[in-house]
Amino acid sequence: MDVLQRARQLVHGAERMVALTGAGISTDSGIPDFRGPNGVWTKNPAAEKLSDIRHYITDKLVREQSWLGRLDHPAWLAQPNPAHLALVALERAGRLGAIVTQNIDGLHQKAGSAPDRVIELHGTLNESVCLTCGDRRPMQETLDRVRNGESDPPCLRCGGILKSATISFGQPLDDQVLYRARVAALTCDVLLAAGSSLTVQPAAGLVGIAASAGARIIMCNASETPYDGVAEAVLHGPLGKLLPALL
Ligand code: NAD
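Please read all numbers here as calculations on a predicted model, not as lab measurements.

### Considerations on the sheet that holds strand S4 (residues 123–130)
The strands that make up a sheet are held in pairs by hydrogen bonds between backbone atoms, and each pair lies either parallel or antiparallel. Spatially, the 3 strands line up as an open sheet ordered S5-S4-S6, and their pairing is antiparallel. Only two strands of the sheet have a single partner each, and these edge strands are strand S5 (136–138) and strand S6 (162–166). Geometrically, the sheet is characterised by an average inter-axis angle of 40° between neighbouring strands, direction not taken into account. Bridging between S4 and S6 involves 4 bridges; their strand directions are antiparallel. Looking at the pairing, Val129 lines up with Lys163 of S6.

### Looking at the environment of Leu121
Assignment of secondary structure puts Leu121 in the loop between strand S3 (118–120) and S4. Given 23 C-beta atoms within 10 Å, Leu121 falls into the buried group. It is 7.7 Å that separates the C-alpha atoms of Leu121 and Asn103, two residues lying 18 residues apart in sequence. If near-sequence neighbours (up to four positions away) are discounted, Leu121 is found in contact with Val100, Thr101, Gln102, Leu173, Val177, Ala181 and Ala203.

### Focus on the nonpolar core
Of all hydrophobic cores here, the largest spans 47 residues; its most connected members are Val18, Val100, Leu191, Ala193, Ile218 and Leu243. Non-local contacts of Val100, meaning those with residues more than four positions away in its chain, are made with Val18, Leu20, Ile119, Leu121, Ala181, Ala184 and Leu206.

### Describing the site of the ligand
The environment of the ligand is formed by 27 residues, the closest being Gly22, Gly24, Asp33, Asn103 and Ala222. Of the residues assigned to the shell around the ligand, the class counts are 8 nonpolar, 15 polar and 4 charged. For the shell around the ligand, the two domains that each supply at least three residues are domain 1 (1–31 + 79–122 + 172–247) and domain 2 (35–77 + 125–166).

### Side note on the pairing of strand S9 (residues 233–236)
Residues Ala233 and Leu235 of S9 are buried on one face, while the alternating residues Val234 and His236, pointing to the opposite face, are not. Sheet topology note: the strand S8 (residues 216–221)/S9 ladder contains 4 bridges and is parallel. Paired with Cys220 across the bridge in S9 is Leu235.

### Section: unusual backbone geometry
In this structure, Pro202 follows Gln201 across a cis peptide bond, with omega equal to 5°. Here Pro202 lies in the loop between strand S7 (190–194) and helix H10 (205–212). Look at Leu198: it is not a glycine, yet its phi comes out positive at around 50°. Along the chain, Leu198 turns up in the loop between S7 and H10.

### Observations regarding the UniProt feature "binding site: Zn(2+)" (unreviewed entry) in the protein
As annotated in UniProt, the feature "binding site: Zn(2+)" (unreviewed entry) corresponds to Cys130, Cys133, Cys155 and Cys158 in the numbering used here. In terms of the greatest pairwise C-alpha distance, the residues named above, spread along 29 residues, form a tight cluster of at most 8.5 Å across. Looking at the element boundaries, Cys130 is found in strand S4. Beyond its immediate chain neighbours, meaning those up to four positions away, Cys130 contacts Asp135, Cys155, Arg157, Cys158, Gly160 and Leu162. On the basis of neighbour count, Cys155 is assigned to the buried category, with 20 C-beta atoms found within 10 Å. What Cys155 contacts, discounting residues up to four positions off in sequence, is Cys130, Thr132, Cys133, Asp135, Gly160 and Leu162.

### Here we look at the confidence of the model for the protein
Confidence in the prediction for the protein averages 95 pLDDT; 99% of positions are at 70 or higher. Predicted complex metrics record ipTM = 0.94 and pTM = 0.95.

### Examining the domain arrangement of the protein
Under the domain assignment used here, the protein contains domain 1 (1–31 + 79–122 + 172–247) and domain 2 (35–77 + 125–166). One C-alpha centre belongs to domain 1, the other to domain 2; they are set 27 Å apart. Across the boundary between the two partners, domain 1 contributes 11 residues, which contact 7 residues of domain 2. Looking at side-chain class alone, the side of domain 1 that touches domain 2 contains 3 nonpolar, 7 polar and 1 charged residues.

Each value, and the rule that gives it
- Residues numbered from 1 in each chain as written.
- Predicted model: local features only at pLDDT ≥ 70, side-chain atom pairs only at ≥ 80, totals over all residues.
- Pairing = 2+ DSSP bridges.
- Helix = DSSP H or I, 4+ residues; strand = E, 2+ residues; numbered from the N terminus.
- Axes fitted to C-alpha atoms, helices over the stretch in contact; angles between N-to-C directions.
- Buried ≥ 20, exposed ≤ 12 C-beta atoms within 10 Å, placed from the backbone.
- Contact = placed C-beta atoms within 7 Å.
- Core = buried A, V, L, I, M, F, W, Y, C linked by C-beta atoms within 7 Å.
- Near = placed C-beta within 6 Å.
- Nonpolar A, V, L, I, M, F, W, Y, C, P; charged D, E, K, R; others polar.
- Domains from an automatic or database assignment.
- UniProt positions renumbered as here; feature names shortened; annotations may be inferred.
- pLDDT = per-residue confidence, 0-100.

See below:
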């Protein structure tokens, strides 16, 4: 039996399947990943350092650059691709309990995945949040202020530093969100990891949690990951083709 057949068998036998997705599922939608061959950090390693929250808090220039980058972020024009749609079809067939995503682009929800089944581990680009008082606003409202000349817009409620509602290095994940993700990993019978280099913790560790709790692991990615060894089926290739073929 070839590996695709084996993976299909696992999917068909699953009753409580969970998908763990990363930036690689959205590259076909025009959003570059960080660590793939054309990744933002592969091309410019200095950018990784600047994504630390300490730089953001202490350096106004970093914040100004960050807001400028948000203005024309590829996520605003991106559309879901066949990989996102394959997960929607699986959910509608009653086979997919949750999508735990490291992505911040909202494309799973845009594709039609039920929002309450999408667990956004690293937050969302669609909102801004105040680092002092926690006030949240739609991102486009804050970006309008940037367009109108505020290069580093302060919080409208308390004057604190605003940031996209995404998790940077050095920032803790939301406890409730992480709890939901861990429960999903602990209780699934098959975990499909797709489009992640699985190098960022605690997201990557969910694969180990699921495997230790007895779940079968299917790995779909263009390149190898540190968790390939615990997977029962490892599929290498473009997700836009792999996931529709698999699911
Ligand atoms: P990563 O950049 O570390 O890894 C992406 C992986 O996907 C790589 O191993 C790459 O080989 C693979 N890949 C890329 N395109 C693919 C394709 N078409 N088919 C199959 N595989 C493909 O991304 P990560 O593991 O998700 O972790 C990085 C962090 O980057 C996350 O915290 C996430 O929040 C953030 N991020 C998110 C987005 C987004 O929301 N779309 C984009 C860039 C980065």
